[in-house]
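# Descriptive analysis of the structure
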Amino acid sequence: MNIKEINGGVCAPKGFKASGAHCGIRHNRTKNDIAMIFSEVSGVAAAVYTKNLVKGAPLTVTKNNLQKSNGIAQAVICNSGNANTCNANGIEIAEKMCELAANELKIKPENIIVGSTGVIGQPLDIEPIKKGIPELVKNLSDNGSDSACEGIMTTDTKKKEIAVEFEIDGKICRIGAIAKGSGMIHPNMATMLVFIVSDVSISAELLQTALSENVKDTFNMISVDGDTSTNDMVSIIANGMAGNEKISELGKNFDTFKEALKFVTLYLCKKIAGDGEGATKLLECVINGADNINTAKIVAKGVICSSLFKAAMFGADANWGRVLCAIGYSGAEVDVNKIDVAFESEAGKIDVCHNGTGLDFSEEKAKEILLKPEIKILISLNLGDKSATAYGCDLTYEYVKINGDYRS
C-alpha cells in the first residue's frame with residue numbers, strides 16, 4: 001500500500017479541528033498549557049493506559065467516560081504543567097474539565113477524553129482551566145494541530161506530530177496524531193500522552209484491537225529512563241468521515257488501517273526517544289536471530305535500558321561489553337557464545353563482537369560512527385528467525401540537571 005506523509009497533524013483527517021492556549025497553569029506565559037481536539041461528528045474511540053499502580057485521575061475518568069458512552073468520543077482536552085495525580089480531588093477536577101468542555105462544545109461529558117501531564121502530587125486548580133476552555137473552543141481551527149501540540153508539552157524540546165494519507169475502498173483516508181514525551185518514559189502499554197485521530201470508518205472493537213496490538217511493538221518498545229509514568233495514555237478517535245465501507249471484520253482493509261497506524265506510531269516513537277530529556281542521540285536496538293518474539297523484545301529493551309550503555313553512547317565509546325552485560329541480566333534465555341554485535345550510523349557500520357567474543361576494530365572508526373545523532377545497535381542472537389526493535393537515547397549530564405530541579 002502507499003502511505004503518504006502529509007501536513008496537518010490532528011487536523012488532517014476530515015472533520016477534526018484543534019487549538020491550544022495558555023490558561024495559567026504554567027508560570028511561563030509564552031507557552032501553551034492546555035489543548036483541545038474536536039470532531040464535527042462523534043466517532044468510535046479506543047485507548048490504552050499505564051500499568052503503573054499509581055494512575056493519574058484523568059486516566060480513570062477517560063476510562064469511565066468510554067465505558068459510559070459505549071466507546072463513543074468527540075473531543076480531547078489535555079493540560080500540561082500538572083499531572084493531576086495523587087490528588088484527593090483529582091477525579092473531581094478531571095470530571096469538571098470534561099463538564100466544562102462539554103458545555104462549551106455542546107456535547108456530553110462522557111464523550112470527552114481527558115489527559116494531564118506535568119508534576120505529580122501538586123493540586124490542580126480548576127479556575128485557570130475554566131477560564132481557558134472558552135478560548136480553546138473559540139480558537140478551534142483546521143490549522144490548530146501545532147498549537148495543540150505545544151499545549152501538551154512539558155520538558156519536550158521538539159513538537160511531535162504527524163499525519164498520513166492512504167486509500168481504503170478507493171476512498172482517501174487519513175490518520176493524524178500529536179504526542180508528548182521526553183522524560184519518565186518506560187511505557188508498559190503505551191507512552192506518555194499520544195492523541196490519534198482518523199476519518200476512517202471502523203468498528204469500536206476492531207479499533208481497540210488495532211491499538212492494543214500496535215503498542216506492543218511501538219510505544220512499549222521505548223525507554224528513555226526506565227520510569228513508567230503514572231499518566232501514560234494513548235487514545236484514538238475515528239469519526240468515519242472518509243466515507244469508506246465500515247471496517248467490521250478482519251481482512252485487507254483492516255490490515256491497511258493497521259499498517260498506516262503503525263507508520264504513525266513508529267514515527268512518534270522515534271521522535272519521543274530522540275527527544276529524551278538531555279538526549280543528544282537516538283538509539284535503535286535491532287535484534288535478529290531470536291528463537292521467539294518475547295526473547296527478542298526482552299533483549300532489545302534490556303540493552304536500551306542499560307544506564308552504563310546509554311552513558312557509553314553519550315561518550316561515543318564503543319564499549320560493546322556493556323551490551324553483552326545488559327543481555328546477560330535481561331532475563332532472556334540466550335546462548336552468550338553465539339551473540340554478534342555491530343554499531344551502525346550514517347558514518348558506516350562496524351562489527352565489534354562475534355560469538356560473544358571481541359573483534360579487532362578501529363576505535364577511530366567506531367567513534368566516528370557513534371558521534372552521529374542516530375545510532376543502531378545491531379545484535380544477532382543466532383538462535384532463530386524472530387526479530388524486534390527497541391528505541392531509546394543516550395544518558396547525559398543534562399538529564400540529571402533537568403530532573404534535579406523539575407518542580408522549580
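Residues numbered from 1 in each chain as written. Predicted model: local features only at pLDDT ≥ 70, side-chain atom pairs only at ≥ 80, totals over all residues. Heavy atoms only, no water.

### A short note on the pairing of strand E8 (residues 193–198)
Across the 6 residues that make up E8, a large majority, 6, are buried. Judged from the 6 bridges that link them, strand E7 (residues 171–180) and E8 form a sheet pairing that is antiparallel. If you follow Ala-177 over to E8, its bridge partner there is Ile-196. Bridging between E8 and strand E9 (residues 233–238) involves 6 bridges; their strand directions are parallel. Looking at the pairing, Val-194 lines up with Val-234 of E9. (Buried < 20%, exposed > 50% of the residue type's maximum accessible area, 1.4 Å probe, protein only. Helix = DSSP H or I, 4+ residues; strand = E, 2+ residues; numbered from the N terminus. Pairing = 2+ DSSP bridges.)

### What to know about the packing of aromatic side chains
For the structure shown, the criterion picks out 1 aromatic pair. Arranged with centres 5.2 Å apart and planes meeting at 90 degrees, the rings of Phe-314 and Tyr-397 form a pair that is edge-to-face. With Phe-314 in helix H8 (residues 307–314) and Tyr-397 in helix H11 (residues 397–404), this residue pair connects regions lying 83 residues apart in the sequence. On the basis of relative accessibility, which here comes to 27%, the residue Phe-314 falls in the partly exposed class. (Phe/Tyr/Trp six-rings, centres within 6.5 Å; stacked < 30°, edge-to-face > 60°.)

### Overview of the sheet that holds strand E12 (residues 348–354)
What the 6 strands build is an open sheet, ordered E13-E12-E11-E14-E10-E15; its pairing is mixed. At either end of the open sheet lies a strand with only one pairing partner, and these are strand E13 (357–358) and strand E15 (386–393). In this sheet, E12 lies alongside strand E11 (residues 340–345) in antiparallel orientation, the contact comprising 5 bridges. Residue pairing in the sheet places Ala-342 in a bridge with Asp-351 of E12. Running at roughly 40 degrees to E15, helix H6 (residues 252–274) makes contact with strand E10 (282–290) and E15 of the sheet. Contacting E10, E11, strand E14 (374–380) and E15, H8 runs over the sheet at an angle of about 125 degrees to E10. (Contact = heavy atoms within 4.5 Å. Axes fitted to C-alpha atoms, helices over the stretch in contact; angles between N-to-C directions.)

### Remarks on the pattern of salt bridges
Under the counting rule described, the total for this entry stands at 9 salt bridges. Look at the salt bridges and you will find they share partners, linking Asp-146, Glu-150 and Lys-159 into a network. (Salt bridge = Lys/Arg side-chain N within 4 Å of Asp/Glu carboxyl O.)

By themselves, these figures tell us nothing about what the structure is for.
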